[in-house]
Amino acid sequence: AISAGANLKSARCSGASQAHDKKAAATALWIAGSSQGCSKTMPCTLDFYGGVIIDPLGVPREESAFRQLLASSLDEWSTQQKRGVWLQLGIELAYLIPIATAEFGFEFHHAERGHVMLTKWLPKDSQSTLPPNASHTIGVGAVVTNDEGKILLVREKSGPAAQAGFWKIPTGLADPGEEIHEAAVREVREETGIKAAFEHFGAFTVSHGGNLAHAGKSNIYFVVKCKALTNDIQSCESEIADARWFSKEEWQSLPFPKRGTIWDELNRSALDTEAVISTKTLPTGRADIDRTFHYPVNRSSL
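All figures in this text were calculated on a predicted structure; none of them were measured in a lab.

Undergrad: Would you explain helix α2 (residues 63-79) in this entry?
TA: In an α-helix, one turn spans 3.6 residues; hence positions three or four apart end up facing the same way. In a regular helix each residue adds 1.5 Å, so 17 residues correspond to 24 Å; α2 covers 24 Å between its end C-alpha atoms and thus fits that length. Among the residues making up α2, those that are buried are Ala65, Phe66, Leu69, Leu70, Ser73, Leu74, Glu76 and Trp77. The buried residues of α2 occupy an angular sector of 165° when projected down its axis, which confines them to one face. Facing away from the buried side of α2, by more than 90 degrees, are the exposed residues Gln68, Asp75 and Thr79. Check the buried side of α2 and you find it contacts β2 (44-47), β3 (52-54), β4 (84-90), α3 (97-103) and β6 (115-121). Just downstream of α2 lies Gln81, where phi reads positive at about 60°.

Structural data, given as structure tokens:
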């Protein structure tokens, strides 16, 4: 961090420098260059949309130094006709938030466990086109069968399903940077101790409105068919009240999900339909960067 009056660079700001390193170019598709900062501006990264992403490590910790450098930075970036400014403040710098918001007009964009992200739109003659915070979460449900054709179901200790006492397939949310099918395999392992392998995707659905943790957000829920590699259940004591293998007949006799409802059709899509979704890894054409490709296939071809 830059302390007040310490290590200030010359008044001439460094210009944008193009990234030539292959790895940097592959991971910075939207990055136009960077500035090391100076006595008038904070160090930052520049994007191809005319945006400025302030380097969190270059934010002064002392309030008056922060106020002074932020003011001169905004003036300089406005002169350069920059558009959106992104300012990340860690928990340890939370006392600077009122300065950025009340005095300089920054708005909240999103927050994580360790920081808050603030934004400011610089042009006076146009509305902000900065992208909003993430609008969707990704949910997964795993239909897991073993060599006997039995299906793995759980009863949760908390939540709506626990209140109703439902037996259900293992479910959860995908983590950032995690492939959807990998999230399903992980959730199975975490909830039941069962090691499973991904086979294919079934159907998916989208719900809107969110919940108490993600108010106003939408959720895309995917059903994933998995094959059990082990049979010995070791339930997660903090989350799962019980976990068992059910025959298909036993599963179909349970009150949940009610036949013909969306949850029933979602589960069946992983078992009974001929058309499913498989995956393969394909190159993107950028510096050895690959991405998962999801495509429809006939189950019989897998």
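From this point, things continue past the structure.
Undergrad: Sorry, what's going on with the pairing of strand β13 (residues 275-283) here?
TA: On any regular strand, side chains alternate: one points to one face of the sheet, the next to the other face. Here nine bridges tie β13 to strand β14 (residues 290-298), and the two strands are oriented antiparallel to one another. Following the sheet pairing, Thr281 is matched in β14 by Thr292. Turn length for the β13-β14 hairpin, with the two strands adjacent in sequence and antiparallel, is six residues, and the turn residue Gly285 shows positive phi of about 90°.

Undergrad: Explain the sheet that holds strand β5 (residues 107-111) to me, please; I cannot follow it from the model alone.
TA: Within a sheet, each strand pairs with its neighbour through backbone hydrogen bonds, oriented either parallel or antiparallel. Taking strand neighbours across the sheet as the criterion, the six strands line up as β1-β2-β3-β4-β6-β5 in an open arrangement whose pairing is mixed. Each edge of the open sheet is held by one strand with a lone partner, namely β1 (31-35) and β5. Shown here is a sheet whose adjacent strand axes are inclined to one another by a mean of 25°, direction ignored. Each of β2, β3, β4 and β6 touches α2; the most contacted strand, β4, lies at about 160° to it.

Undergrad: Would you take a moment to explain a nonpolar patch on the surface for this structure?
TA: A grouping of Leu29, Trp30, Ile31, Phe48 and Tyr49 is seen on the molecular surface, where their side chains present a nonpolar patch of about 580 Å² in accessible area. Following the sequence through the fold, Leu29 ends up in the loop between α1 (22-26) and β1. Classification of Leu29 by relative accessible area gives partly exposed; the value is 43%.

Undergrad: Help me out: how do you make sense of the pattern of salt bridges in this one?
TA: Close approach of charged atoms lets side chains of opposite charge pair. Across all of its chains, the model carries 15 salt bridges by this definition. Of the charged contacts, one joins Arg67 and Glu103 as a salt bridge, the two residues approaching to 2.7 Å between their closest N and O atoms. Of this pair, Arg67 sits in helix α2 while Glu103 sits in helix α3, and the two are 36 residues apart along the sequence. Owing to a relative accessible area of 30%, Arg67 belongs among the partly exposed residues under this scheme. For Glu103, a relative accessible area of 44% puts it in the partly exposed group. Residue Arg259 pairs with Asp264 through a salt bridge whose shortest N-O separation is 3.4 Å. Residue class for Asp264 comes out buried when judged on its relative accessible area of 5%. Overlapping salt bridges, with partners in common, bring together Asp175, Glu178, Arg186, Glu187 and Glu190 in one network.

How each quantity is defined
- Residues numbered from 1 in each chain as written.
- Predicted model: local features only at pLDDT ≥ 70, side-chain atom pairs only at ≥ 80, totals over all residues.
- Heavy atoms only, no water.
- Helix = DSSP H or I, 4+ residues; strand = E, 2+ residues; numbered from the N terminus.
- Expected span 1.5 Å × (residues − 1).
- Buried < 20%, exposed > 50% of the residue type's maximum accessible area, 1.4 Å probe, protein only.
- Arc of directions from axis to C-beta.
- Contact = heavy atoms within 4.5 Å.
- Pairing = 2+ DSSP bridges.
- Axes fitted to C-alpha atoms, helices over the stretch in contact; angles between N-to-C directions.
- Patch = residues over 30% accessible without salt bridge, like charges linked within 9 Å, V, L, I, M, F, W, Y side chains within 5 Å.
- Areas by Shrake-Rupley, 256 points an atom, 1.4 Å probe, with all protein chains shown as cover.
- Salt bridge = Lys/Arg side-chain N within 4 Å of Asp/Glu carboxyl O.

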